[in-house]
Amino acid sequence: MSGFAEHYLNLEVLAQYGPGILGGLWVTIGVAATTVVLGIGFGLLLAVLMAARIRLLRWPILAWIETFRTLPQLAVIIFVYFGLPYAGLTISPFWATAGALGAVLSAFAAEIFRSAIQALPSGQWDAAAALGLRFRTTFFLVILPQAVRLAIPLLTNRAIAIIKGTALGTAVSLPEILGRAQSAMAIAANPSPLTLAAALYLVLFLPLVIASRWLEASRVVPR
């Protein structure tokens, strides 16, 4: 037991490198928040454009969705960070990670919103038409609010799954929790920094997982 504590809970190592790893927590939170805003915002826009049935945009939107639903998150991050400079666009590790994960989340969010819109009873459209409401008014004031409410639980679960990919930012030198912990482990020749990193991930993501469970069990989803 003492050997386990020495290797994985070494207080001397944690005291020396802990503050630096804690600093990575704020980077992780920043990337996660940016990913959620970009991914859900753009995903909702794509879903709205698909609902508008603009034929010129249908195939580009479908190509975006299927591409980013298929590609591994790490491959997207590496392409954005190392590939775009060849096109004259240099991006920081923060924006490369947040942008790549946001693109992946937008693809899943668009499908979730689209499914939620299609899941609503056709009677909603019929009732709005009977009241003399136009398509745009019906969609934005009647259909979309209900679809968003219906999509929240699924969207929350998917967002959590994707923002955990912030740890992949280590591949492009993002100084988040895991990246700093790995550097500290290499210098100290002790895995205790990884134990601290795992604890910080639990502190960050466990409340989100619990919140998603609560959303699934609550009245957010119509019965």
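Below is a short write-up of the structure.

## Brief notes about the environment of Val76
Part 1 of the argument: Within the secondary structure, Val76 is located in helix α4 (residues 73-83).
Part 2 of the argument: The exposure class assigned to Val76 is buried, which follows from its relative accessible area of 5%.
Part 3 of the argument: Separated by 52 residues in sequence, Val76 and Gly24 place their C-alpha atoms 22 Å apart.
Part 4 of the argument: Ignoring any residue separated from it by four or fewer positions in sequence, one finds Val76 in contact with Phe68, Leu71, Ala100 and Val104.

## A closer look at a nonpolar patch on the surface
Part 1 of the argument: A cluster of nonpolar side chains, namely Leu202, Leu206, Val209 and Ile210, defines an oily patch on the protein surface of about 360 Å² accessible area.
Part 2 of the argument: With respect to the element layout, Leu206 can be found in helix α9 (residues 192-217).

## Looking at the pattern of salt bridges
Part 1 of the argument: Applying the stated criterion to the full structure yields three salt bridges.
Part 2 of the argument: Salt-bridge contacts for Glu66 lead to Arg69; the nearest nitrogen and oxygen are separated by 3.5 Å. With Glu66 and Arg69 both in helix α3 (residues 55-70) and three residues apart, the pair spans about one turn of that helix.
Part 3 of the argument: For Glu66, a relative accessible area of 40% gives the class partly exposed.

## Describing helix α5 (residues 93-119)
Part 1 of the argument: Its 27 residues give α5 an end-to-end C-alpha distance of 39 Å, which sits within 8% of 39 Å, the value for a rise of 1.5 Å per residue.
Part 2 of the argument: The element α5 is extensively covered by neighbouring structure, given that 19 of its 27 residues are classed as buried.

## Description of the packing of aromatic side chains
Part 1 of the argument: Within this structure, the stated rule accounts for six aromatic pairs.
Part 2 of the argument: Between Trp64 and Phe68 the ring centres are 4.5 Å apart and the planes differ by 50 degrees, which places this aromatic pair in the tilted class. Of the two residues, Trp64 and Phe68 both sit in helix α3, four residues apart, roughly one turn of that helix.
Part 3 of the argument: Look at Trp64 and you get partly exposed, because its relative accessible area is 29%.
Part 4 of the argument: Here the aromatic residues Phe42, Trp64 and Phe68 are joined through ring pairs into a cluster of three or more.
Part 5 of the argument: Arg58 extends its terminal NZ or CZ atom over the ring of Trp59, reaching a point 5.7 Å from the ring centre.
Part 6 of the argument: If you follow Arg158 out to its NZ or CZ, it ends over the ring of Phe108, 4.2 Å from the centre.

## Notes on the nonpolar core
Part 1 of the argument: Ile65, Phe68, Val76, Val104 and Ile162 are the most contacted members of the largest nonpolar core, which has 20 residues in total.
Part 2 of the argument: Of all elements in the fold, only α2 (11-51), α3, α4, α5 and α7 (135-163) reach the threshold of two or more residues within this core.
Part 3 of the argument: Examining the composition of this core, we find that nine residues originate from one element, α5, more than from any other.
Part 4 of the argument: Ile65 has contacts with Met50, Ala107, Ala110 and Glu111, leaving out every residue within four places of it along the chain.
Part 5 of the argument: Of all hydrophobic cores here, the second largest spans 15 residues; its members include Val13, Tyr17, Leu25 and Leu200.

Here is what the cut-offs are and how they apply
- Residues numbered from 1 in each chain as written.
- Predicted model: local features only at pLDDT ≥ 70, side-chain atom pairs only at ≥ 80, totals over all residues.
- Heavy atoms only, no water.
- Helix = DSSP H or I, 4+ residues; strand = E, 2+ residues; numbered from the N terminus.
- Buried < 20%, exposed > 50% of the residue type's maximum accessible area, 1.4 Å probe, protein only.
- Contact = heavy atoms within 4.5 Å.
- Patch = residues over 30% accessible without salt bridge, like charges linked within 9 Å, V, L, I, M, F, W, Y side chains within 5 Å.
- Areas by Shrake-Rupley, 256 points an atom, 1.4 Å probe, with all protein chains shown as cover.
- Salt bridge = Lys/Arg side-chain N within 4 Å of Asp/Glu carboxyl O.
- Expected span 1.5 Å × (residues − 1).
- Phe/Tyr/Trp six-rings, centres within 6.5 Å; stacked < 30°, edge-to-face > 60°.
- Lys NZ or Arg CZ within 6 Å of the ring centre and 35° of its normal.
- Core = buried A, V, L, I, M, F, W, Y, C linked by side-chain atoms within 4.5 Å.

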